[in-house]
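# Working through the structure, step by step
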Amino acid sequence: MNALALVARREISTRIRTKAFIVSLLVTALLVGAAAFAPKLMGGPDSYTLGTVNSQRLPLEAAAPETEFTWKAFPDEGTARKALLDGDVDAVLVGGAKVLTDGEIDQELGVLLQSTNREIKLGASGVRIEPLRVESVGADTRYQAARTGIAVVLVLVLFMLLISQATMVGMGVVEEKGSRIVEILLTSIRPWQLLGGKILGLGALGLVNLVAILAVGVAASAGSGVATDFPPGMPGIVAGVVVWFVLGYAFFATLAAALASLVSRQEEVGNVMSPLTMLIMITYFVAFYATSEPTGTLATVMSMIPPFSSMVMPVRMAAAEVPLWQVGLAFALMAAAVVAVLSLGAKVYERAVLRTGARVRLGDVLRAK
Amino acid sequence: MLEISELRKRFAGGPGAPEGKLALDGIGFAVRPGEMFGFVGANGAGKTTTMRIVMGVLQADSGSVSWQGRPLTYEGRRRFGYMPEERGLYQKMRVAEQIEYFGRLHGLSGARAAQATSELIERLGLGERRGDAVEGLSLGNQQRVQLAVALVHDPEVLILDEPFSGLDPLAVDTLATALQERCRGGVPVIFSSHQLDLVERLCDSVGIVSSGRMVASGTVAGLRAAEGGTLRVVVRDPSPGWADGLPGELTAEDGRQVLLVDAAGDDQEILRRAMKAGHVEHFGVEQPTLTEIFKEAVA
Ligand SMILES: Nc1ncnc2c1ncn2[C@@H]1O[C@H](COP(=O)(O)OP(=O)(O)OP(=O)(O)O)[C@@H](O)[C@H]1O
Ligand SMILES: [Mg+2]
């Protein structure tokens, strides 16, 4: 096994058995699962209990397939009235001609009853009515609510994962620098192997997290029935999220490593990484804004500028249809930015990581040699 | 042979000392295979800086390090074993796991690394600790792990910065034995230390560094010979004035007089006069200790 893989494996194996890793994975999975069930729990009462007195049931299910109807037959109007007042039924159909309610009838139910009744009577007299066909001339907005929901969950998941993995990379770098383990490590492996292995290992953990969250999200949505509202092309959206996470992580983690290599003490990590944390926060805010205005100018422009694109683009892709050329351009620019950051970050890291003691100035490192 | 020649290193100064600090001023020495070399010098003399340059952790301004006649490269250093002055271990990793990891980073296969780890754990008396996290070990045990990390890949050369500091006498013996074994196997060993008695006991040769320069080096016997011994004469109830005109220092203590004089002089004349003056209780040359040689050299 080469040094890169050995370093990555150590990162994975030492972290995966910590309680923190397992707990955070479980908690995020639970939250995402809960989010998938939330629309079901918060939606209106899509079920009605109806009574009949001397009357046929109406075929309401045909008109509203997603609504649940329960029927109860009553022997006479008196018992039906009592059941209504007790709240046991929402409405009672009497003799196929009259509907009893307690107060005003639920609007949806009223329309359903009237139109179904009319259809049945007309059908009986041999008149057939073709239902109106609906055609949208604008964008397909049927899935808008679901799309926005998915985008909001995504933005949160991406933000949390990116910031936590980048921080872990920074802390890991300082752990090795501060304790002088680097002095031994770098007499047996090259700086890029140590840095690359760390970024790969922690990235793999981040990816495990992400895939677990996505899997729980998709499974829970299927289980709760929310998935029926999902737009077509979900597999593409999910794959896109993974790709964008990888790009964003590579960018931010490399910067984190480079910045962290400037200091020697854990207490200084937060301070030296604050510009990076700010950058991730700004990216997050823009991405969050994009969930509500996915086709606005700000979202469109930011979804193509690295590193903002790493979060804004997957969110836009989830929230709306994005032209392919925009996705391609954003990807190319972000990939180029990752390459640039990797070469610069590796240089800074290599030059700073053995300079223990006082905080190394970024300018000094870049100017040297 | 490991040859270090003419190393110079100036550290950049801060606002208070713009000219910086000259840490190494042309230091040079050589260590042969199978030789245990003790590197001694006052605090701040430049021992750690020299070792860090040999290990490539620091760049010299000028000078060179060569191994087996060729300039030392990264590939060469990978086959060295190094124990830095500031110990560095992963605090949360377990003892065996950690030693094995460093072995693998040095290019050992999984099986070889595991085997070397088990052997070292036995040899260094860490058997009961192999599954413990490093952070739970005492300083001495951490130091054993650190040494195991330096030894795990069967290095060609050992560079150890103060490997014995903070150890109890038993731990010192364990570590010393481990080092002597490697040394007998043909590995040059360089270690720095402030425990001069230990250096005197273990080392074939010694280098004394002061202000970034090697002020004395060679075998302990050679250094002693160069320094010269002191002749000590003790005479009981001597006649007064017997030592008048003789070189050296005369002191009196309860009825005896003690003469300390450079052993290079005419000892026979001194003996004759002492015997004439009284009863000679002691007459002999005393070798200087390494501590005395050291004090003399860095003075
Ligand atoms: N990173 C550094 N920056 C500036 N000066 C340094 C640095 N490292 C060492 N020095 C200076 O170089 C000189 C030699 O230090 P070095 O650590 O090599 O001494 P040493 O012989 O190992 O001392 P000790 O016995 O205390 O370990 C000292 O004056 C020290 O202050
Ligand atoms: Mg030192």
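In this text, all values refer to a predicted model and were calculated from it rather than measured experimentally.

## A few points about the overall build of chain B
Within chain B one finds ten helices and 14 strands. Whereas a compact globule of 299 residues would reach a radius of gyration of roughly 19 Å, chain B reaches 24 Å, over 25% beyond that. Expressed along its principal axes, the backbone C-alpha trace of chain B runs to roughly 80 × 50 × 40 Å. Residues counted as buried form 47% of the 299 residues belonging to chain B. Partitioning the contacts of chain B with sequence separation of at least 6, the portion at a separation of at least 24 is 70%.

## A closer look at the site of ligand 1
All names here are of chain B. In the vicinity of ligand 1 lie 14 residues, with Gly-44, Lys-47, Thr-48, Thr-49 and Glu-85 positioned nearest. Asn-43 is positioned with one of its side-chain polar atoms (N or O) 2.9 Å from an oxygen atom of ligand 1. Contacts to ligand 1 include Gly-44, whose backbone N or O atom sits 2.8 Å from an oxygen atom. Out of a free accessible area of 640 Å², ligand 1 has 67% covered by protein chains. Taken together, the elements giving at least two residues each to the shell around ligand 1 come down to β2 (21-31) and α1 (47-54). The element that contributes the greatest number of residues to the shell around ligand 1 is α1, accounting for three residues. Partitioned by chemical class, the residues of the shell around ligand 1 number four nonpolar, six polar and four charged.

## Some thoughts on the interface of chain B and chain A
The interface of chain B with chain A comprises 23 residues on the first partner and 23 residues on the second. Between chain B and chain A, roughly 2200 Å² of surface is buried when both sides are summed, and carbon and sulfur atoms account for 56% of that area. Across the contact surface, chain B and chain A share three salt bridges. With a shortest N-O distance of 3.0 Å, Arg-17 of chain A and Glu-97 of chain B are connected by a salt bridge.

## Some points on the sheet that holds strand β14 (residues 279-286) of chain B
Sheets are built from strands paired through backbone hydrogen bonds, the pairs being either parallel or antiparallel. All names here are of chain B. Read from one edge to the other, the open sheet built from four strands follows the order β12-β13-β11-β14, with strand pairing classed as antiparallel. Strands with a single pairing partner mark the edges of an open sheet, and in this sheet they are β12 (249-253) and β14. The average angle at which neighbouring strand axes cross in this sheet is 15°, direction not considered. Alignment of strand β11 (residues 230-236) against β14, held across seven bridges, turns out to be antiparallel. Residue pairing in the sheet places Val-234 in a bridge with His-282 of β14.

## Here's the deal with the nonpolar core
Counting 168 residues, the largest nonpolar core has Ile-159, Phe-164 and Ile-190 of chain B as the members making the most contacts within it. At 16 residues, the largest contribution of residues to this core is made by helix α9 (residues 234-260) of chain A. Residue contacts for Phe-164 of chain B: discarding those within four places in its chain leaves Gln-143, Val-172, Leu-175, Ala-176, Leu-179, Phe-191, Gln-195, Leu-198 and Leu-202 of chain B.

## Observations concerning the coordination of the magnesium ion (ligand 2)
In the first shell of the magnesium ion (ligand 2), the protein supplies Thr-48 of chain B (OG1) and Glu-85 of chain B (OE), at 1.9 to 2.3 Å from the metal. Of this pair, Thr-48 of chain B sits in helix α1 while Glu-85 of chain B sits in the loop between β6 (80-83) and α3 (95-105); the two residues are 37 residues apart in sequence, bridging distant segments of the chain.

## A short note on the confidence of the model for chain B
For chain B, mean pLDDT is 89; residues scoring 70 or higher make up 100% of the total. Predicted as a complex, the structure gets a pTM of 0.79 and an ipTM equal to 0.82.

## Brief notes about the sheet that holds strand β1 (residues 47-53) of chain A
Residues and elements named next belong to chain A. Pairing in this open sheet of four strands is mixed, and the strands run β2-β1-β3-β4 from one edge to the other. For this open sheet the edge positions go to β2 (68-73) and β4 (98-101), each flanked by a neighbour on one side alone. Between one strand axis and the next, the sheet turns by 25° as a mean value, whatever way the strands run. In this structure, β1 lies alongside strand β3 (residues 91-94), joined through four bridges in parallel fashion. Bridge pairing links Val-53 to Val-94 in β3. Lying over the sheet, helix α4 (residues 77-85) contacts β1, β3 and β4, oriented at roughly 40° with respect to β4. Along the sheet, helix α5 (residues 107-124) contacts β1, β2, β3 and β4; its crossing angle with β1, the most-contacted strand, is approximately 50°.

Rules used in this analysis
Residues numbered from 1 in each chain as written. Chains lettered and ligands numbered in written order. Predicted model: local features only at pLDDT ≥ 70, side-chain atom pairs only at ≥ 80, totals over all residues. Heavy atoms only, no water. Helix = DSSP H or I, 4+ residues; strand = E, 2+ residues; numbered from the N terminus. Rg over C-alpha atoms; globule rule 2.2 N^0.38 Å. Buried < 20%, exposed > 50% of the residue type's maximum accessible area, 1.4 Å probe, protein only. Contact = heavy atoms within 4.5 Å. Near = heavy atom within 4 Å. Polar contact = N/O pair within 3.5 Å; in protein donor to acceptor, adjacent residues only side chain to side chain. Areas by Shrake-Rupley, 256 points an atom, 1.4 Å probe, with all protein chains shown as cover. Nonpolar A, V, L, I, M, F, W, Y, C, P; charged D, E, K, R; others polar. Buried area = accessible area lost by both parts, 1.4 Å probe. Salt bridge = Lys/Arg side-chain N within 4 Å of Asp/Glu carboxyl O. Pairing = 2+ DSSP bridges. Axes fitted to C-alpha atoms, helices over the stretch in contact; angles between N-to-C directions. Core = buried A, V, L, I, M, F, W, Y, C linked by side-chain atoms within 4.5 Å. Donors = N, O, S within 2.8 Å, 3.2 Å for Na, K, Ca; no water. pLDDT = per-residue confidence, 0-100.

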